[in-house]
Amino acid sequence: MELNEDTVNLRCARTCLCVLCGLPAAGKSTLARAVNSHTVERGWRSAVISYDDLIPDDAFNVKEVEDEEDMTRPQTQTKWKLHRQAVLQCVEQFLQSPTELGQLTPNAYQIDSDAWRRLLHAAQVYGTSVGSSQAYPSPLEGPPPPPLVILLDDNFYYPSMRYEVYQLARKHSVGFCQVYVQCPVEACVRRNQLRPQPLPSDVIVEMAKRMEPPNPLRNPWEQNSVTLDSKDHFTIEYIQRLVKVISMALENPLSPVQDNTEQKEVDRQSCVSSVIHQADQACRRLVSQAMRGARDHKLPPERMRSLAAEFNESKTRFIQDLRKQVLHSLPLTQGESIEVEQVVNRAVDVFHKEKQEIIARFLPPYDRINATENEG
């Protein structure tokens, strides 16, 4: 007997990619374990893909370097983004061919392949087809396989990080949903200190400034999202809310039909990157000019270092705020355009005023006047 498409679809495991995002120590892993237990009770299977377990520790190493502006700044010396992409590549390989995943060789995808195999064995997902387009072994025998929930546990603080998972779900016609684990930064810092290997507190504080929770109003693809407050313990009501969202995703897999939504998002991110890059370069030039002026006016070395540190902190904060403002105001979803040069010029004018305020705290009035004239 030949298998038609309907027969194949019935024999495929309904699958959902569920993104867990939030600050470090917000409670994402605790929530993942609770959902994992709850899905077992429902007869589902689940795999918790913890980025912390799969990505090697040295992927996050940074070292301090000095640039041409005499400004000390952290520079990532590893390919952290490539490690993240490697995890998604493994997820995609599983979606394409679950039975071959155990053949990964050590370091094949720059992740811990042993940890990867352990988590899939624990979820009992080997030999199971997923999505809506792949044949399941022995397609005419027995009931269809139980649903499979793949929980991706990471910070996912930028929408672009989560959008990569959404694209993967669309490509393979599986469900997609998100849960934002909300927790005050002070509570995250306090919980983090209780861990055997805590992160530096300033890493969590800095990430809190960058965190952009799911926003369905701005990003229609984030419609199937839920926010859970983890300040206190997760209640059974919280777990049930998330499972309801997952159930909806399982019942409504994404369609791979092409439209212009994806291209709009690509254009949106490209525009943001262009604005941020040009603004960053312009701000660097302003800082470099100011540092040369301070050096010409014989500012003592210790004061030069303090001035460089203030400029560095001010520029970093300014660029982060600018990125959020541009994302919130970008009109690309309405098919309109944006004048990048105009946005950059306005932004640089704002930073120029901040720069002048910093100079005012370090140089005497007479020197400030001369330094400003030299910039012109």
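See the structure printed just above.
Residues numbered from 1 in each chain as written. Predicted model: local features only at pLDDT ≥ 70, side-chain atom pairs only at ≥ 80, totals over all residues. Heavy atoms only, no water.

### Examining the overall build of the protein
If you tally the helices and strands in the protein, you get 13 helices and seven strands. Of all 376 residues assigned to the protein, the portion counted as buried reaches 47%. Considering only residue pairs separated by 6 or more positions, the protein has 78% of its internal contacts joining residues 24 or more positions apart. In the structure as shown, the protein presents an accessible area of about 19,900 Å², 50% of it carried by carbon and sulfur atoms. (Helix = DSSP H or I, 4+ residues; strand = E, 2+ residues; numbered from the N terminus. Buried < 20%, exposed > 50% of the residue type's maximum accessible area, 1.4 Å probe, protein only. Contact = heavy atoms within 4.5 Å. Areas by Shrake-Rupley, 256 points an atom, 1.4 Å probe, with all protein chains shown as cover.)

### Let's talk about helix α2 (residues 28-41)
Across its 14 residues, α2 extends 20 Å between first and last C-alpha, which sits within 8% of the 20 Å expected from 1.5 Å per residue. Those residues of α2 that fall on the buried side of the exposure criterion are K28, L31, A32, V35, H38 and T39. Buried residues of α2, viewed axially, fall in a sector of 130 degrees; they line one side. Seen from the open side of α2, the exposed residues pointing more than 90 degrees away from its buried face are R33, V40 and E41. Lining the buried residues of α2 we find β1 (15-21), β2 (45-50), β5 (148-153), β6 (175-182), β7 (225-229) and α9 (236-251). Remark: G43 follows α2 within two positions and exhibits a positive phi of approximately 85 degrees. (Expected span 1.5 Å × (residues − 1). Arc of directions from axis to C-beta.)

### Comments concerning the environment of S288
Here S288 lies in helix α10 (residues 261-296). Classification of S288 by relative accessible area gives buried; the value is 15%. Residues S288 and A308 lie 20 residues apart in sequence; the distance between their C-alpha atoms is 9.5 Å.

### So, the nonpolar core
L17, C18, L31, L242 and I246 are the most contacted members of the largest nonpolar core, which has 61 residues in total. At seven residues, the largest contribution of residues to this core is made by α9. Excluding residues that lie within four positions of it along the chain, L17 makes contacts with V91, L95, I150, L152, V165, L168, A169, V174, G175, F176 and C177. Within the second largest apolar cluster, 31 residues are counted, among which are V275, A294, M304 and V326. (Core = buried A, V, L, I, M, F, W, Y, C linked by side-chain atoms within 4.5 Å.)

### So, the pairing of β2
Burial within β2 is extensive, with five of its six residues counted as buried. Relative to β5, β2 runs parallel, the two being bridged by six bridges. Across the sheet, A47 pairs through a bridge with I150, a residue of β5. (Pairing = 2+ DSSP bridges.)

### Remarks on the side chain of E212
Structurally, the position occupied by E212 is in the loop between α8 (201-210) and β7. Within polar-contact distance, the side chain of E212 engages the side chain of R323 at 2.9 Å. (Polar contact = N/O pair within 3.5 Å; in protein donor to acceptor, adjacent residues only side chain to side chain.)

### Focus on the sheet that holds β2
An order of β2-β5-β1-β6-β7 is seen for the five strands of this open sheet, with the pairing classed as parallel. Each edge of the open sheet carries a strand with a single partner, namely β2 and β7. Between one strand axis and the next, the sheet turns by 20 degrees as a mean value, whatever way the strands run. (Axes fitted to C-alpha atoms, helices over the stretch in contact; angles between N-to-C directions.)

### What about the pattern of salt bridges?
Tallied over the entire structure, the rule returns eleven salt bridges. Of the charged contacts, one joins R14 and E251 as a salt bridge, the two residues approaching to 2.3 Å between their closest N and O atoms. Of this pair, R14 sits in the loop between α1 (5-10) and β1 while E251 sits in helix α9; the two residues are 237 residues apart in sequence, bridging distant segments of the chain. Given a relative accessible area of 35%, R14 falls into the partly exposed group. Residue E251 is classed as exposed on the basis of its relative accessible area, which comes to 52%. Ionic pairing is found between R323 and E212, a salt bridge with its closest N-O pair at 2.9 Å. Of this pair, R323 sits in helix α11 (residues 301-329) while E212 sits in the loop between α8 and β7, and the two are 111 residues apart along the sequence. As far as the burial class goes, R323 and E212 line up, both buried. (Salt bridge = Lys/Arg side-chain N within 4 Å of Asp/Glu carboxyl O.)

### Quick look at the pairing of β5
Counting buried residues in β5 gives six out of six residues, a clear majority hidden from the surface. Where burial is concerned, the two faces of β5 agree: the one with L148, I150 and L152 and the one with V149, L151 and D153 are both buried. The pairing of β1 with β5 spans six bridges and is classified as parallel. By the bridge assignment for β5, L20 is matched with D153.

### What to know about α9
End to end, α9 covers 22 Å across 16 residues, agreeing with the expected 22 Å (1.5 Å per residue, within 8%). Those residues of α9 hidden inside the fold are in contact with β1, α2, β5, β6 and β7.

### Comments concerning the packing of α2 against α9
Relative orientation of the contacting elements α2 and α9 amounts to 70 degrees, with a least axis distance of 10 Å. Classified by the angle their axes make, α2 and α9 are roughly perpendicular. Along the contact surface, α2 presents L31, A34, V35 and H38, while α9 presents I236, I239, L242, V243 and I246. Looking at the contact of α2 with α9 residue by residue, the classes come out as eight nonpolar, one polar and no charged. (Parallel < 35°, antiparallel > 145°, perpendicular 65-115°, else oblique. Nonpolar A, V, L, I, M, F, W, Y, C, P; charged D, E, K, R; others polar.)

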